[in-house]
Structure formats: structure tokens, C-alpha cells
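Residue-level listing of the chains:
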Amino acid sequence: MELESDERGIVTFLPMAAWSVSIVQDQTVGLSVDYYASAADLAAGKTTRIQLHSDPEVARQIGRAIELRANMLIERRQG
């Protein structure tokens, strides 16, 4: 998957303000994320919410991938 970038070629990411994980209708895993859609929204404290759901196995794969990258960063910081 290719990451989006701005007009200067810098990869753009939106900061998360809050998140939650749930089980949706006993069938899928739901993820709700509140994020700041722009610098102006961040300054104003205005969040936007997206709600996603996925198959449990896909959710497990995403969780493992996030944990792996987080562990890599934590280990680098610890030196």
C-alpha cells in the first residue's frame, strides 16, 4: 500500500486523539478512531471519527503488525 504525501513529497499522517476496539454484532472486530483532520482542527481541539470493522483474523494480523512496529521503536529508544 502506498502512503499519501503532500505537495512537497512528505508523507502525511493524522494524529489520533482517542480510539476504542469492540466486537460488532458477535461477528467482526470494530475499531473507532477519533483524529485531527488538519492542523487547524488540532489547534481547535476538533476531532473527526472513523469507525471500521474487519474479520477477526484480519484484526489479529493488524494487531500483530502494530505491536511488532511498536516493539521495534521501543527497543530502539531503550538503546
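Use the structure listed above.
Residues numbered from 1 in each chain as written. Predicted model: local features only at pLDDT ≥ 70, side-chain atom pairs only at ≥ 80, totals over all residues. Heavy atoms only, no water.

So, the overall build of the protein
Regarding its fold elements, the protein presents 2 helices and 3 strands. Each helix and strand of the protein, ordered N terminal to C terminal, gives the series β-β-α-β-α. Taking the principal axes of the C-alpha coordinates as reference, the protein spans close to 40 × 35 × 25 Å. Looking at the 79 residues of the protein, the share that counts as buried comes to 14%. Across the protein, the fraction of contacts at a sequence separation of at least 24, relative to all contacts at a separation of at least 6, is 13%. Element-wise, carbon and sulfur atoms account for 55% of the exposed surface of the protein, whose accessible area totals about 7,000 Å². (Helix = DSSP H or I, 4+ residues; strand = E, 2+ residues; numbered from the N terminus. Buried < 20%, exposed > 50% of the residue type's maximum accessible area, 1.4 Å probe, protein only. Contact = heavy atoms within 4.5 Å. Areas by Shrake-Rupley, 256 points an atom, 1.4 Å probe, with all protein chains shown as cover.)

Notes on the pattern of salt bridges
Enumeration according to the criterion identifies 3 salt bridges in this entry. In this structure, R8 engages D6 in a salt bridge whose closest nitrogen and oxygen atoms are separated by 3.0 Å. According to the relative accessible area criterion, D6 is buried, its value standing at 19%. Put simply, R49 and D34 hold a salt bridge, and the shortest N to O gap is 2.6 Å. In this pair, R49 sits in strand β3 (residues 48-54) while D34 sits in strand β2 (residues 28-35), placing the two residues 15 residues apart along the sequence. (Salt bridge = Lys/Arg side-chain N within 4 Å of Asp/Glu carboxyl O.)

What to know about the sheet that holds β2
Spatial ordering of the open sheet is given by β1-β2-β3, a layout of 3 strands whose pairing is antiparallel. The sheet is open, and its two edges are formed by β1 (16-24) and β3, each paired on a single side. Between one strand axis and the next, the sheet turns through 15 degrees on average, direction left out of account. As paired strands, β1 and β2 are joined by 8 bridges and run antiparallel to one another. The residue bridging W19 from the neighbouring strand is V33, located in β2. (Pairing = 2+ DSSP bridges. Axes fitted to C-alpha atoms, helices over the stretch in contact; angles between N-to-C directions.)

A word on the pairing of β2
Remember that side chains alternate between the two faces of the sheet whenever the strand is regular. Within β2, 6 of the 8 residues are buried, which leaves it mostly tucked inside the rest of the structure. Counting the residues between successive antiparallel strands, the hairpin from β1 to β2 contains 3 residues, one of them, Q25, with a positive phi of roughly 50 degrees. In the sheet, β2 pairs with β3 via 7 bridges, with the strands oriented antiparallel. Note on β3: the bridge partner recorded for V33 is I50.

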